[in-house]
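Here is how the chains run, residue by residue.
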Amino acid sequence: MTQVRYRVTLSAMDAFEESGPVLSYYNGAFMRPREVVISPHDRGFQLADGVYEVIRVYQGVPFAFDAHLARFERSAKAIRLSPVSRDEIGAAVSELLNRAGFASSDCLVYIQLTRGVFPRTHAFPPAAIPPTLYMDVTRTERGPHPEPQLNAAVTVQDERWENCHIKSIALLPNVLARQKAAEAGVDEAVLVRPDGTVTEGASSNIAAVFRGTVTTHPEGRRILSGITRSVALSLCDELGIPLEERPMQRWELDEADEILVFGTSTEVGAITLLDRRQVGTGEAGPIATRLQTAFAERVGEARS
Ligand code: PDD
């Protein structure tokens, strides 16, 4: 019995190392992901008391790094956690990339900060305790995508709290929404509040195109201020594509010429099937294509 359990665990770890992170950073030390031991009393583990970031690296250069670090700082402050200095994170990320042999490759960096290790109590620990800073790096395919990726999606009720601008590790509503999407055989869940307002995706921002105008939920407490979203909106500006930031209703999506999806891994993608109904022509539309082309150029400029 013990033997069987051991074999299963080992092969799961091997699979993890093949497709998962290749190197980790944990409170100042670099190690193989399977060597990281984090206490069960970490408040991230027990209470989801922490924040995170996911950053795409193109040929060794973290894309929109300052914007990600600024959001990480805002998220930490919003949960009253002292942010780690941007210099410290910047230095750790460069070392992580170098040590992993990713100084000129494509990968994804994950960063998480929690309120540290303390016997379980809901309120903050009474005395200051050191936070837990964890990072890892995962190989990705060479990007950016030459064309918008095509996605299918379903709508799912947005059951989250009123602080979605915080990139909190408490992702249960997002997890359950994305699982509904997975069970429907599609890529993403488009979140819709009980009043019919479309907010964002389970792990992406959403926009729709109506007669040439890109329309998306405004920043605020109901969405994450996506870095890709903000790059895409500035590209709309540069390309002279009309833009409207306003909450949309679910029924409006049935009349959209295109539905766009923005995210660190997806970049600018197209949703071509929503709730089993074809969107527009069923292929990536002209705006998705122009924005993804411009996005790829922006990545190229950031690297040079
Ligand atoms: N998700 N909205 C939500 C709820 C998200 O979780 C994400 C990103 C986005 C897009 O933000 P950005 O463009 O900054 O990646 C929007 C990350 C990638 C994740 O959880 O893995």
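Residues numbered from 1 in each chain as written. Predicted model: local features only at pLDDT ≥ 70, side-chain atom pairs only at ≥ 80, totals over all residues. Heavy atoms only, no water.

Undergrad: Any chance you could explain the pairing of strand β1 (residues 23–26) here in plain terms?
TA: Both faces of the sheet carry side chains from a regular strand, because those side chains alternate between them. Residues L23 and Y25 line one face of β1 and the alternating positions S24 and Y26 line the opposite face, and both faces are buried. Sheet topology places β1 next to strand β6 (residues 132–139); 4 bridges connect them, and they run antiparallel. Of the residues in β6, the one forming a bridge with L23 is V137. Here 3 bridges tie β1 to strand β2 (residues 29–31), and the two strands are oriented antiparallel to one another. Residue pairing across strands places Y25 opposite F30, the latter belonging to β2. (Buried < 20%, exposed > 50% of the residue type's maximum accessible area, 1.4 Å probe, protein only. Helix = DSSP H or I, 4+ residues; strand = E, 2+ residues; numbered from the N terminus. Pairing = 2+ DSSP bridges.)

Undergrad: For this particular structure, what's the right way to read the site of the ligand?
TA: Around the ligand, a shell composed of 18 residues is seen, among which Y52, R71, E200, T228 and T264 lie nearest. A distance of 3.3 Å separates a nitrogen atom of the ligand from a polar side-chain atom of K167. Notes on the ligand: free accessible area 470 Å², of which the protein chains cover 87%. Those elements giving two or more residues to the shell around the ligand turn out to be β3 (50–58), β9 (197–201), α6 (227–239) and β14 (258–263). (Near = heavy atom within 4 Å. Polar contact = N/O pair within 3.5 Å; in protein donor to acceptor, adjacent residues only side chain to side chain. Areas by Shrake-Rupley, 256 points an atom, 1.4 Å probe, with all protein chains shown as cover.)

Undergrad: Is there a simple way to explain the nonpolar core in this structure?
TA: Generally speaking, nonpolar side chains in soluble globular proteins are found buried as a group. Counting residues in each nonpolar core, the largest one holds 27 residues, and the members touching the most others are I111 and M135. Secondary structure elements with two or more residues in this core: β1, β3, α3 (65–78), α4 (86–99), β5 (107–114) and β6. Ranked by the residues each element gives to this core, the list is headed by α4, at 5 residues. When near neighbours in sequence (up to four residues on either side) are disregarded, I111 contacts V51, Y52, E53, I55, F72, I89, V93, L133, Y134 and M135. (Core = buried A, V, L, I, M, F, W, Y, C linked by side-chain atoms within 4.5 Å. Contact = heavy atoms within 4.5 Å.)

Undergrad: So what exactly am I meant to see when it comes to the domain arrangement of the protein here?
TA: How big an interface is tends to be reported as the loss of accessible area on association of its parts. Here the protein is described as being made up of domain 1 (10–139) and domain 2 (150–303). Domain 1 and domain 2 are separated by 26 Å when their C-alpha centres are compared. At the junction of the two partners, domain 1 supplies 26 residues and domain 2 supplies 19 residues. Between domain 1 and domain 2 lies a buried interface of about 1,800 Å² when both sides are counted; carbon and sulfur atoms form 68% of it. In this assembly, domain 1 and domain 2 are joined by 0 salt bridges. Seen at the junction of domain 1 and domain 2, the total is 5 residue pairs in polar contact (both at pLDDT 80 or more). Counting only elements with at least two residues in the side of domain 1 that touches domain 2, the list comes to β3, α3 and β5. With 8 residues, the single largest contributor to the side of domain 1 that touches domain 2 is β3. Among the residues making up the side of domain 1 that touches domain 2, the classes are represented as 14 nonpolar, 7 polar and 5 charged. (Domains from an automatic or database assignment. Buried area = accessible area lost by both parts, 1.4 Å probe. Salt bridge = Lys/Arg side-chain N within 4 Å of Asp/Glu carboxyl O. Nonpolar A, V, L, I, M, F, W, Y, C, P; charged D, E, K, R; others polar.)

Undergrad: Mind showing me how you'd approach the environment of V22 here?
TA: Here V22 is to be found in the loop between α1 (2–19) and β1. With a relative accessible area of 31%, V22 lands in the partly exposed category. Residues V22 and V137, spaced 115 residues apart in sequence, show a C-alpha to C-alpha distance of 6.1 Å. Leave out the neighbours within four places in its chain, and V22 touches P33, A100, F102 and V137.

Undergrad: Just to check I follow, could you spell out the packing of α6 against helix α8 (residues 286–303) for this structure?
TA: Relative orientation and spacing of two packed helices are given, respectively, by the angle between their axes and the distance between those axes. Between α6 and α8, whose axes approach to 10 Å, the crossing angle comes to 105 degrees. Classified by the angle between their axes, α6 and α8 sit roughly perpendicular to one another. Together, T228, V231, A232, S234, L235, C236, E238 and L239 of α6 and R290, L291, A294, F295 and R298 of α8 make up the contact between the two elements. A breakdown of the residues in the contact of α6 with α8 according to their chemical character gives 8 nonpolar, 2 polar and 3 charged. (Axes fitted to C-alpha atoms, helices over the stretch in contact; angles between N-to-C directions. Parallel < 35°, antiparallel > 145°, perpendicular 65-115°, else oblique.)

Undergrad: Please clarify how the packing of aromatic side chains should be interpreted in this entry.
TA: Within this structure, the stated rule accounts for 4 aromatic pairs. Of the aromatic side chains, those joined through ring pairs into one cluster are Y58, F63 and F295. Directly above the aromatic system of F124 lies the positively charged group of R115, at a separation of 3.7 Å from the ring centroid. (Phe/Tyr/Trp six-rings, centres within 6.5 Å; stacked < 30°, edge-to-face > 60°. Lys NZ or Arg CZ within 6 Å of the ring centre and 35° of its normal.)

Undergrad: Got a minute to help me understand a nonpolar patch on the surface in this structure?
TA: A surface patch of nonpolar side chains, about 290 Å² in accessible area, is lined by L172, V175 and L176. Here V175 lies in helix α5 (residues 172–183). (Patch = residues over 30% accessible without salt bridge, like charges linked within 9 Å, V, L, I, M, F, W, Y side chains within 5 Å.)

Undergrad: Would you explain unusual backbone geometry in this entry?
TA: Keep in mind that most residues, glycine aside, have a negative phi and that most peptide bonds are trans. At the junction of G143 and P144, the peptide bond is cis and its omega measures out at -10 degrees in the coordinates. Of note, the phi angle at A48 is positive, near 55 degrees, even though the residue is not glycine. Non-glycine residue Q59 carries a positive phi angle of around 45 degrees. You can see Q59 is positioned in the loop between β3 and β4 (61–62).

Undergrad: Sorry, what's going on with the sheet that holds β5 here?
TA: Neighbouring strands of a sheet are bound in pairs by backbone hydrogen bonds; such pairs are parallel or else antiparallel. Spatial strand order, β2-β1-β6-β5-β3-β4: 6 strands in an open sheet with antiparallel pairing. In this open sheet, the two strands that pair with only one neighbour each are β2 and β4. Seen against the sheet, α4 touches β1, β2, β3, β4, β5 and β6 and runs at an angle of roughly 35 degrees to β6.

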